[in-house]
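Coordinate inspection notes
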Amino acid sequence: MHHKHFLQYAFLLLTLCVVGCKPSNKELKEKGISQELAADRRQRVSNINYKLEFQIPENTQDSIQASEELSFDFTGGEDLLLDFNVDPRLLKSVTINDAEVKTKVFDEHIALRARDLKEGRNTVNIEFVAGEQSLNRHDDYLYTLFVPERASTCFPLFDQPDLKAVYDLTLRVPKGWKAVANGSLKKKEEAGERTTYQFNSSPLISSYLFSFAVGDFQVVSREVGGRKMNMYHRETDTVKLANNLDAIFDWHQKSIAWLEDYTEIKYPFEKFDFVLVPSFQYGGMEHPGAILYKASSMLLDESATLNEQMGRGQLIAHETAHMWFGDLVTMKWFDDVWLKEVFANFMASKIVNPGFPDINHDLQFLMSHYPAAYDVDRTEGTHPIQQPLDNLKNAGTLYGSIIYHKAPVVMLMLEQAMGEEAFQNGLRQYLKTYSFSNATWDDLIAIMAKDADFDIEQWNKNWVKTGGMPSTYFYLKSKDKSSIDKFSLYTRVDHVNNKDDGWRQDLKVLMANQDSIYYTEANMLTAPESLNLTGNPYPQYVFTNGGGLGYGYFKFGPQTKDWLISKLDSLENPVLRGAVWIDLYESMLRAEVNPKNLMEKCLQSLLTEQEPLIVAYITNVAQEIYWKFYTENQRLDLAPQLEGVLLNLALSSPSSNLKSTFFHALTSVALTDQGVDLLRNLWSKETEIEGLTLSERDYTSLAYALAVREVDGYKDILQEQQERISNPDRKNKFKFVLPALSADTAVRRDFFNSLKEEKNRQNEDWVLTAISYLHHPLRADYSVQFIKPSLDMLEEIQLTGDIFFPQRWLGGTLGGHSSAEAAEQVQVFFSSYRKYPSRLRNKILQSSDKLFRAVKVKKKYSESETDEISEVLLPLSE
């Protein structure tokens, strides 16, 4: 059937089903929020308003008493379900239209009986105790985090993105505490030991964007660009605070001004406040009027690199862009959660790049997005950018590097194919059409298709709706190797059974001989893959990603590989150098490059490479080979040379940016007595690196590194470092991590067992730091026993933790391992759970990919080295 006619037929069936098919009671009443339940409520409920009041006690052991007045328009029909994912005993009473009714919490819902409701306006009053799963309570502060469907773990509501509502909030908090919410402050009253904050109505927002924070915060207020902004924080270092304020407020104002101009829509919400949260789970969260940020991402150390400064600007621009992309126009369902994230990332780059003229932004885009996307897309656990979602309880599993890193690459591809003006006009139309409402990716594509001069549907099918990392190959034919008879490009995608059609992208192909390099354009979006190069000089070397920004693995033969390695440092275009480095690393992961050879190239190139982004990438590759792809003996043999190179570079590099990169790499790899003594002397401040100012965070990292190496007196080092930390939030984190650093295996085992209880995993940032040391490569032989129990916990972690925690838990657990024994533990887990949830299975496959590759690579090259030795020795023995 023709594609267009098929869509029309499918739409007719869908329409008939909406009109004539009713979801079953089982579909509506299952746990979580099913697509069927959401669609049913969307048809019957509108004009929603929540009036909420929370009484927050100072003691975190005391419950939070709460009340709600919910009003909405109702078109009638069967019973209506509210979402309330808590202990049923927390529900105290329900009144519907002034009549108290009997109801209860079941399967994470409250059923409002149809006979108690009426067509038109209804009012439901509920008394309850607030659920605390997503309230993030600490001794003297609290903040909410309700994405993707966690509002219902706190209070009853319709917790789906396409039922936007207005929220009226009242908070009763301990005297002296401050409060911030989506709406501006309407009234503040103090009575005895309590303060009441009453806020104006919020804008029309989705439930995951409703937010408030209360506690012992300080406030910095500034008026920038004619708009007042308030920053709430808990930083006790006044010098650090003062050093960062200008940049923080300036980037917010620049971001708003740029977005207003680009979209032709004024900032769509009433106010602009933000909160800096210690050890926040994410970099930031885009609640309108009450953005949350991870404090350490905003308040940078004096030694912060240029890349870290740019990262802060991008984070601010990202969350600000969400005010338009995600908050003003919201996805209808979380299968399109990537849509808001890709535009936040995409716009952030456009906003911030001009502020850093010394950075090569094409290179920055390459190094920021491509390696992170490949880390997932090369694995058997990869997935499309747009993923199906049957129930919002699984929405957290959609997040990851594909939507944050592959999607911006694909969006740039679309912008370049359409042209910047047509692309911008399409976005403006999209935002204006769906303001304060909901839309899908397909709604946007329908707008963009009007101005696309290529097959945008096929492009969309492959790059957005199908998963996988394309590998690009070339076919070169020549009779006499003096000129080209035929040259073609083609792609294949691992783990995907589909034809070649549509996996096309614009590429610049590098062709070279010993004395010359030339390029040819391959406009694969709009033209066939065969290039008209007949008669051109025959190239000895071909690299199909000569422009550097092609996406995927670009296969090269051994002759080209050797040539690129030898010429790499002399390639003038830094984007091309970066792309070659990435492709060489991908080749190593596929066991096509010996890790020893790549390590030798790393050490050689570090002596000459001046581009900080490439230097950072090379040092990361060197550290990964060192810890994952070298045997223990290889690592010990290399350690003196690697430490010496990094120390010399840290001492001699002209910029503090590069000095910091080399210092952190040295802290990671030091193993020799001399190297460890240097770390100790740096920590004790007996030794300094001229031109590099170490921060409290640096000294803490040094203390951790010394402890995990079990140096003499490491307990005293940890005790002194704890006393050096003055900020109570950072001190509490340090105390939490201590058991994971212990040389006593029983202490480490007890600490791991404690994490099996949800209450001990509440501060996820602390947990992630601790398990990274629990599973440090130097501790891997012992901690391998924790792998399967950690995987056994994953389903519960996905239900109780925040959206990024499951993947990060896996990363912390598996990241330090590279042994066959560790790989076997993952295999044992999979054999124990034949019907394991596919999304979580994919997360494990993603996180264990390098573990399995490391085992394979080490086996291959250790065997080949043995063969080489035997070939040399055998003649002598004869």
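Keep in mind the model is a prediction, meaning the values are calculated, not measured. (Residues numbered from 1 in each chain as written. Predicted model: local features only at pLDDT ≥ 70, side-chain atom pairs only at ≥ 80, totals over all residues. Heavy atoms only, no water.)

Turning to the overall build of the chain, a few remarks are in order. In terms of regular secondary structure, the chain is built from 30 helices and 28 strands. Against the compact-globule benchmark of 29 Å for 878 residues, the chain has a radius of gyration of 29 Å, which places it among compact chains. Summarising its shape, the C-alpha atoms of the chain cover approximately 100 × 75 × 60 Å along the three principal directions. Taking the intrachain contacts of the chain between residues at least 6 apart in sequence as the baseline, contacts between residues at least 24 apart amount to 72%. Summing over all exposed atoms, the chain offers an accessible surface of approximately 36300 Å²; the carbon and sulfur share of this is 47%. Distance from the positive charge centre (95 side chains) to the negative charge centre (121 side chains) of the chain: 4 Å. (Helix = DSSP H or I, 4+ residues; strand = E, 2+ residues; numbered from the N terminus. Rg over C-alpha atoms; globule rule 2.2 N^0.38 Å. Contact = heavy atoms within 4.5 Å. Areas by Shrake-Rupley, 256 points an atom, 1.4 Å probe, with all protein chains shown as cover. Lys, Arg positive; Asp, Glu negative; His and termini not counted. Charge placed at Lys NZ, Arg CZ, Asp CG, Glu CD.)

This next bit is on the side chain of arginine 312. As for its placement among the helices and strands, arginine 312 is situated in helix α6 (residues 306–321). Although arginine 312 is buried, it forms no salt bridge, and the closest oppositely charged side chain is aspartate 250 at an N-O distance of 9.3 Å. Not counting residues up to four positions away in its chain, the partners in contact with arginine 312 are Asn244, Ala247, Ile248, Ser297, Met298 and Leu300. (Buried < 20%, exposed > 50% of the residue type's maximum accessible area, 1.4 Å probe, protein only. Salt bridge = Lys/Arg side-chain N within 4 Å of Asp/Glu carboxyl O.)

This part takes up the sheet that holds strand β3 (residues 80–83). Read from one edge of the open sheet, 3 strands run β3-β7-β6, paired in antiparallel fashion. If you trace the sheet from one side to the other, it starts and ends with β3 and β6 (105–106), each paired once. Across 2 bridges, the pairing between β6 and strand β7 (residues 109–112) is antiparallel. Across the sheet, residue valine 105 finds its bridge partner in β7, namely isoleucine 110. Lying on the sheet, helix α3 (residues 35–44) is in contact with β3 and β7; it crosses β3 at an angle near 115 degrees. (Pairing = 2+ DSSP bridges. Axes fitted to C-alpha atoms, helices over the stretch in contact; angles between N-to-C directions.)

The subject of this paragraph is the packing of aromatic side chains. This model, assessed by the stated rule, comprises 59 aromatic pairs. Plain terms: the ring middles of phenylalanine 84 and phenylalanine 128 are 5.7 Å apart, the flat faces sit at 85 degrees to each other, and that makes the pair edge-to-face. On the criterion of sequence distance, the pair formed by phenylalanine 84 in the loop between β3 and β4 (91–96) and phenylalanine 128 in strand β8 (residues 120–129) is long-range, its members being 44 residues apart. Taking relative accessible area as the criterion, phenylalanine 84 reaches 0% and is therefore assigned buried. A connected cluster of aromatic rings, assembled from ring pairs, spans Tyr50, Phe54, Phe84, Phe128, Phe146, Phe155, Tyr167, Phe210 and Phe212. Here the guanidinium or amino end of arginine 590 rests over the ring plane of tyrosine 553, the centre of that ring lying 4.1 Å away. (Phe/Tyr/Trp six-rings, centres within 6.5 Å; stacked < 30°, edge-to-face > 60°. Lys NZ or Arg CZ within 6 Å of the ring centre and 35° of its normal.)

Following both chains from N to C, one finds helix α18 (residues 656–669) and helix α20 (residues 696–708) inclined at 20 degrees, their axes separated by 9 Å at the closest point. Here α18 lies roughly parallel to α20, going by the angle between them. Judged by the twist between their axes, the crossing of α18 over α20 is left-handed. Along its contact with α18, which presents Phe663, His664 and Thr667, the element α20 presents Asp698, Ser701, Leu702 and Ala705. For the contact of α18 with α20, the per-class residue count stands at 3 nonpolar, 3 polar and 1 charged. (Parallel < 35°, antiparallel > 145°, perpendicular 65-115°, else oblique. Left-handed = near helix turned anticlockwise from the far one by under 90°. Nonpolar A, V, L, I, M, F, W, Y, C, P; charged D, E, K, R; others polar.)

Okay, the pattern of salt bridges next. In the structure shown here, the tally under the stated rule is 42 salt bridges. In this structure, the salt-bridge partner of glutamate 264 is lysine 432, at a minimum N-O distance of 3.1 Å. Here glutamate 264, found in the loop between α4 (238–263) and β17 (272–277), pairs with lysine 432, found in helix α10 (residues 420–433); they are 168 residues apart in sequence, far enough to count as distant. Under the relative-accessibility criterion, glutamate 264 is labelled partly exposed at 49%. In this structure, the salt-bridge partner of lysine 733 is aspartate 765, at a minimum N-O distance of 2.9 Å. With a gap of 32 residues between them, lysine 733 in helix α22 (residues 728–741) and aspartate 765 in helix α24 (residues 764–774) connect regions that are remote in the sequence. As far as the burial class goes, lysine 733 and aspartate 765 line up, both buried.

What follows deals with a negative patch on the surface. Residues Glu632, Asp781, Glu821 and Glu824 make up a contiguous surface patch of negative charge. Examined against the element boundaries, aspartate 781 turns out to sit in helix α25 (residues 780–783). (Patch = residues over 30% accessible without salt bridge, like charges linked within 9 Å, V, L, I, M, F, W, Y side chains within 5 Å.)

To continue, consider unusual backbone geometry. In the segment running from valine 147 into proline 148, the intervening peptide bond is cis, with an omega of 0 degrees. As for its placement among the helices and strands, proline 148 is situated in the loop between β9 (141–143) and β10 (165–174). Its identity as a non-glycine residue notwithstanding, aspartate 98 has a phi of 70 degrees, on the positive side. By the secondary structure assignment, aspartate 98 is in the loop between β4 and β5 (99–101). On the accessibility criterion, aspartate 98 (76% relative accessible area) is exposed. Its identity is not glycine, yet lysine 685 carries a phi of approximately 70 degrees, on the positive side. Tracing the chain through its elements places lysine 685 in the loop between α19 (673–683) and α20.

Time to look at the pairing of β4. For a regular strand, side chains alternate in direction, first toward one face of the sheet and then toward the other. Examined bridge by bridge, β4 and β8 share 5 bridges and lie antiparallel to one another. When the bridges of β8 are listed, valine 94 appears paired with isoleucine 126.

The subject of this paragraph is the nonpolar core. Grouped together as the largest cluster of nonpolar side chains are 292 residues, with contacts concentrated most on Phe54, Phe72, Phe155, Phe212, Phe334 and Trp459. In terms of residue count, helix α9 (residues 401–418) provides more of this core than any other element does, 12 residues in total. Setting aside chain neighbours within four positions, we find phenylalanine 334 in contact with Val147, Pro148, Pro161, Tyr208, Leu389, Leu392, Ala395, Leu398 and Tyr399. (Core = buried A, V, L, I, M, F, W, Y, C linked by side-chain atoms within 4.5 Å.)

Pairing is mixed across the open sheet formed by 5 strands, whose spatial order is β15-β16-β17-β19-β18. The open sheet has two edge strands, β15 (218–224) and β18 (284–285), and neither has a second partner. Bridge count between β18 and strand β19 (residues 291–294): 2 bridges; the pairing is antiparallel. Within β19, the position partnered with methionine 285 by the bridge is leucine 292. The strands that α6 touches are β17, β18 and β19; relative to β19, the one it contacts most, it runs at about 155 degrees.

This paragraph deals with α24. For α24, a buried count of 10 out of 11 residues is recorded, marking the element as mostly surrounded by other parts of the structure. Along α24, the residues classified as buried are Glu764, Asp765, Trp766, Val767, Leu768, Thr769, Ala770, Ile771, Tyr773 and Leu774. The inward-facing, buried residues of α24 abut β19, α20, α22, α23 (745–754), α25 and α28 (805–814).

Among the residues of helix α12 (residues 456–463), those classed as buried are Ile456, Trp459, Asn460, Asn462 and Trp463. On its buried face, α12 sits against α9, α11 (441–448) and β22 (470–477).

Below, the discussion takes up the pairing of strand β2 (residues 65–74). Pairing of strand β1 (residues 45–55) with β2, which is carried by 9 bridges, proceeds in the antiparallel orientation. The residue bridging phenylalanine 54 from the neighbouring strand is alanine 66, located in β2. In this structure, β2 lies alongside β8, joined through 10 bridges in antiparallel fashion. Counterpart to glutamine 65 in the pairing with β8 is valine 129.

Summing up the model confidence of the chain, the mean pLDDT is 92 and the portion of residues at 70 or higher is 93%. In this model, residues 1–24 is a region of pLDDT below 50 whose contacts with residues beyond four sequence positions or in other chains number 7 contacts. The low-confidence segment residues 866–878 (pLDDT under 50) makes 0 contacts with residues lying over four places distant or belonging to another chain. (pLDDT = per-residue confidence, 0-100.)

Our focus in this paragraph is the environment of valine 337. Here valine 337 lies in helix α7 (residues 337–352). Between the C-alpha atom of valine 337 and that of glutamine 386, which follows or precedes it by 49 residues, the distance is 8.2 Å. Those residues in contact with valine 337 that sit more than four places away from it in its chain are Met331, Leu398, Tyr399 and Ile403.

So, on to the environment of glutamate 132. In this structure, glutamate 132 sits in the loop between β8 and β9. A C-alpha to C-alpha distance of 8.6 Å links glutamate 132 and valine 86, two positions 46 residues apart in sequence. Leaving out residues up to four positions away in the same chain, glutamate 132 has contacts with Thr60, Asp62, Ser63, Ile64, Arg137 and Thr153. Within the structure, the side chain of glutamate 132 is placed 2.9 Å from the side chain of arginine 137, a separation counted as a polar contact. (Polar contact = N/O pair within 3.5 Å; in protein donor to acceptor, adjacent residues only side chain to side chain.)

So, about the side chain of asparagine 438. As for its position among the elements, asparagine 438 is in strand β21 (residues 437–439). Owing to a relative accessible area of 7%, asparagine 438 belongs among the buried residues under this scheme. Here the side chain of asparagine 438 touches proline 161 through a polar contact of 3.0 Å, landing on its backbone oxygen.

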